[in-house]
Amino acid sequence: MAQNVENIKDHATLFQEQEYQELFTNKKEFEGGHDPDEVARIAEWTKSWEYRDKNFAREALTVNPAKACQPLGAILAAVGFESTLPFVHGSQGCVAYFRSHFTRHFKEPFSAVSSSMTEDAAVFGGLNNMIDGLANAYALYKPKMIALCTTCMAEVIGDDLGAFISNSKEAGSVPKDFPVPYAHTPSFVGSHITGYDNMMKGILTNLTAGQKKETTNGKVNLIPGFETYIGNLREVKRMASLMGANYTLLGDNSDYLDSPNDGEYRMYQGGTKLDDAADAINAEATIALQAYSTSKTRDYITKEWGQKTSVSRPVGIRGTDEFLMALSELTGNPIPQELELERGRAVDAITDSQSWIHGKRIALYGDPDLVYGLVSFLLELGAEPVHIVVSNSNPEFEAELKALLDSSPYGKEATIWGGKDLWHMRSLLFTEPVDLLIGNSYGKYLWRDTKTPFVRIGYPIFDRHHLHRYATFGYQGTINLLNWIVNTLLDELDRNTIIPSKTDISYDLIR
Amino acid sequence: MTPPETITYPETATEVTTEATVDVETGHGTSVPVDTKALIQEVLDSYPEKSRKKREKHLNVYEEGKSDCGVKSNIKSLPGVMTTRGCAYAGSKGVVWGPIKDMIHISHGPVGCGYYSWSGRRNYYIGTTGIDTFGTMQFTSDFQERDIVFGGDKKLSKLIDELEELFPLNRGISIQSECPIGLIGDDIEAVARKKSKDTGKTVVPVRCEGFRGVSQSLGHHIANDTIRDWVFPKADKAQKDGTLAFEPGPYDVAIIGDYNIGGDAWSSRILLEEIGLRVVAQWSGDGTLQEMMLTPQVKLNLIHCYRSMNYISRHMEEAYGIPWLEYNFFGPTEIAASLRAIAAKFDETIQAKAEEVIARYQAQADAIIEKFGPRLQGKKVALMVGGLRPRHVVPAFKDLGMEIISTGYEFGHNDDYKRTTHYVEGGTLIYDDVTGYEFEEFVKALKPDLVASGIKEKYVFQKMALPFRQMHSWDYSGPYHGYDGFAIFARDMDLALNSPTWDLVKAPWKK
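Residues numbered from 1 in each chain as written. Chains lettered and ligands numbered in written order. Predicted model: local features only at pLDDT ≥ 70, side-chain atom pairs only at ≥ 80, totals over all residues. Heavy atoms only, no water.

Draft legend 1. Quick peek at the pattern of salt bridges. In total, this model carries 77 salt bridges over all chains according to the counting rule given. The partner of Glu165(B) in a salt bridge is Lys54(A), and the shortest N-O contact between them spans 2.5 Å. Residue Glu165(B) is found in helix H6 (residues 153-166), and its partner Lys54(A) is found in helix H4 (residues 49-57); the two belong to separate chains. Salt bridges sharing common partners tie together Asp10(A), Lys458(B), Arg469(B), Asp475(B), Arg491(B) and Asp492(B). (Salt bridge = Lys/Arg side-chain N within 4 Å of Asp/Glu carboxyl O. Helix = DSSP H or I, 4+ residues; strand = E, 2+ residues; numbered from the N terminus.)

Right, here's the structure in full:
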């Protein structure tokens, strides 16, 4: 009997008990498993260059990709606006997945509805589902805006959202002047960052229609992109305020995704006011904090609003410098001493830690903008990015990243693996080992297999708590990133020098 | 066909309650009865007329003595409401097929479905991941626009060749269709037949496109049917050929419908083995293809999640004459009843051993109840889950002195609601496919002490300062099955309900 009432064992220890170990052994009799020697032989083979070549030769198969599909990004954009309900037109399972995925990462409620299309809608189209769905969503959840996007099902059968919305309004599902922005977000095009872009463009197009005025409102628009660090949105707002900038953060989901526990559940929290978003068309300029999740949106703003747009990723010292200088130029305000002091502190922290990081070989993966920011920061530290895997890459990104790598002697070893996945990364880590791996929670499987020290940065992070609450942006975010990286390297050093009288010569107190 | 067997529960001399009232603590030490039928009407009033009529069939109050809970089920969800339901793909890949550990399950179609269901269910297994075991990996054909236009059969065929090259120890492959596959008319059956011939392995095409059916439930059924059509014929042939080496014994049983969440199937299996039975197969948590193939030779199928696997159990009864028995391993009362019912299917040796095992573990269970009972006595629980749990976990709560005031299924059918009558008392609020809005309103009115539901609901209720446990995933704990699991279950309910953090929610200056 395994359980003792004073020391109840759950899965983490229960199955180490002898009786369960015996159960596992006995079960093998029926499993039809392979000879353990053969398993070990194949396991070794997967670490080889021969396997790597076969692995990289695959053309049809994707294994453990670091990307999701469009609607996930679309609904993240949508919840950044005041009292906005995301509505995904298509089969309902998708929304269940999106809600679970975000909820697991943020540990927050995430509200989104679906038009619950089934076989009949596959044959006849989903118009009736939308007419009823908008009516139900409007009546029950009382949103100020419903942001519509599609699943691959609706895209394959060719449902036309624009026409469907008109029909639904005609049918009285929602008032005629009720904003229902939309975006077509097929899952077989791009990834979640494309979906963010499409939805952001859809929302801005809808809200700003007819709002153009003769004069500017003197504001700067900031667009975060597919950003999952709540701390980053707060940090950007803080920096912009310190800069005296009059700004609108378009799609500010930080309160939605980090709501207080005060005994009351509110479905809609914070978000960019719809009026402010509508007035974004009259701003001086727009700065996007990510490039590849905002490219269509920026293109639209440049062409349709006639507004100057730029991209500025406030990651690391140089990235933050550039962001603040861009804000300074736009606002005409100098960079305040407070931020200069923060800069000095972050640089000081880097100089304190740099020696532990200099020359360290790094592998990393994630979305293009995340990876770009991290590479920029790693080069500042004298770390050497080696394997860079970006599943949702594109040629423009690869050229931009290559230029960044070429600008530093520490970027020489780097290889950009666009369109590759984490099973490719596994081969890379076995054949050309590195000192540190950076990526989202899925990297824990690589950590286990290759024993590469691992820092969790990106989306999703399911298996560690609260990382998303921190900032990775700004000078303060720089210190967070530095902290995670240097202390993971030091943890590893301790682990490698821990055996008494054998390796613990260097088990130092002071590092 | 013989009628399905279930354990029948002796009528207990409980008082017959037909009044639809639940006592609600007012916070002043007194309790007032809530008229639950009126509450249902009140909640329904928020819907548009058409939807109200549809939803009212799904909400009711159980009347003691009735053979059914009085709700309609397994009907399309309303569009535009927050349903917790998933899709057929989730039912097939996420539940039934995904946990078969030595096969590779291809998420065939765009990247999203495989990504969101990647490692999401904690189906524990023993094996070397990526070598002879593939449970926590995501294999996808990552459909692009060209695959939608030209069809994906060629890609699928090539992909399977690549799988064979890179993962030679896989025992077989399943093709889990995502929405576009059925819509564009791909012939995955033809690919499966061809590739099965080429590789000599089992290749199973599963038509579990997400738009099929009204929930994940149809996906379970479809997955069961593919086992019947694509696995069992091979098993029959192998048995005739003598290539499926197996010496049947008199006490051979299979565990059906246990997904080994947090190790549930193991803490169940250990009891069956202790009473002298030989567990030949586990479906599907920690299961293998060979285990599936051996199952038609067992003497009795023991089914835990009736909803997801009654179909294949019925098939084995018809085709192979194997009887099946639904059992419940939640909480000592039901575990003992189930062990006795199972033992009754065998000889006196087994029956005597079952009594021994029950007696031996009863001491453990009593100690658990003695410790945790006083802390949990009289606490009211609102349940809403999928599969078997809206009924099966009720006795485990009762063993701890807790009371179920409401329950319902995400995707239950009429037979589930019939079976539920064994477990719930008159006056229990029943909600089928409850919407987010309804669930919140019910909880606000009924004021349970604990809500036990899924990840999408968790933080909604925690923001209301309500203790919550995830009853799909055991909130990352478990196992909850068996006597060992009951100890963890009791501990977890205590830590949720009696967490000191609930007293922190209200700021002292607001009290």
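Draft legend 2. View of the side chain of Arg269(B). Relative to the helices and strands, Arg269(B) is located in helix H10 (residues 264-274). According to the relative accessible area criterion, Arg269(B) is buried, its value standing at 0%. If sequence neighbours within four positions are ignored, Arg269(B) has contacts with Leu23(A), Lys27(A), Phe30(A), Ile255(B), Val279(B) and Gln282(B). (Buried < 20%, exposed > 50% of the residue type's maximum accessible area, 1.4 Å probe, protein only. Contact = heavy atoms within 4.5 Å.)

Draft legend 3. Local environment of the packing of helix H15 (residues 316-331) of chain A against helix H21 (residues 474-496) of chain A. All names here are of chain A. Their axes nearest at 9 Å, the elements H15 and H21 cross at an angle of 165°. In terms of orientation, H15 and H21 fall into the roughly antiparallel class. As for how H15 packs across H21, the hand of that crossing is right-handed. Residues Gly316, Ile317, Thr320, Asp321 and Leu324 of H15 form the contact with H21, whose own contacting residues are Gly474, Tyr475 and Thr478. (Axes fitted to C-alpha atoms, helices over the stretch in contact; angles between N-to-C directions. Parallel < 35°, antiparallel > 145°, perpendicular 65-115°, else oblique. Left-handed = near helix turned anticlockwise from the far one by under 90°.)

Draft legend 4. Structural detail: the packing of aromatic side chains. According to the stated counting rule, one finds 44 aromatic pairs over all chains in the structure shown. Ring centres 6.4 Å apart and planes at 80° place the aromatic pair Tyr442(A) and Phe462(A) in the edge-to-face group. Here Tyr442(A), found in the loop between strand S13 (436-439) and helix H20 (443-450), pairs with Phe462(A), found in the loop between strand S14 (454-456) and H21; they are 20 residues apart in sequence, far enough to count as distant. Taking relative accessible area as the criterion, Phe462(A) reaches 23% and is therefore assigned partly exposed. Consider the rings of Tyr115(B) and Tyr116(B), whose centres lie 5.9 Å apart with planes at 80°: the pair is edge-to-face. Taken individually, Tyr115(B) and Tyr116(B) each receive the classification buried, so the pair is uniform in this respect. Looking at Arg313(A), its charged tip hangs above the ring of Tyr372(A), at a distance of 4.1 Å from the centre. Stacked on the ring of Tyr306(B), the Lys or Arg Arg419(B) has its end atom at 3.7 Å from the ring centre. (Phe/Tyr/Trp six-rings, centres within 6.5 Å; stacked < 30°, edge-to-face > 60°. Lys NZ or Arg CZ within 6 Å of the ring centre and 35° of its normal.)

Draft legend 5. Structural context of empty space enclosed by the protein. This model, assessed by the stated rule, comprises nine cavities of 30 Å³ or more. Together, 27 residues line the largest cavity, and Gln290(A), Asp367(A), Asp369(A), Leu370(A) and Gly458(A) are the ones closest to its centre. The greatest single-element share of the lining of the largest cavity, amounting to four residues, is contributed by helix H17 (residues 368-381) of chain A. Split into classes, the residues belonging to the lining of the largest cavity amount to 13 nonpolar, 10 polar and four charged. Of the volumes computed, that of the second largest cavity is approximately 140 Å³. Every residue lining the second largest cavity is counted, 19 residues in all, and those nearest its centre are Cys94(A), Tyr97(A), Cys152(A), Cys113(B) and Cys179(B). Those elements that provide at least two residues to the lining of the second largest cavity are helix H6 (93-106) of chain A together with helix H4 (111-116) of chain B. When residues in the lining of the second largest cavity are grouped by element, the largest group, four residues, is from H6(A). Residue classes in the lining of the second largest cavity are distributed as 12 nonpolar, six polar and one charged. (1 Å grid on protein atoms, 1.4 Å probe; cavity = no way out; pocket = protein on both sides within 12 Å on 5 of 7 lines; lining within 4 Å. Points joined across faces, edges and corners; volume = space filled by probe spheres on them. Nonpolar A, V, L, I, M, F, W, Y, C, P; charged D, E, K, R; others polar.)

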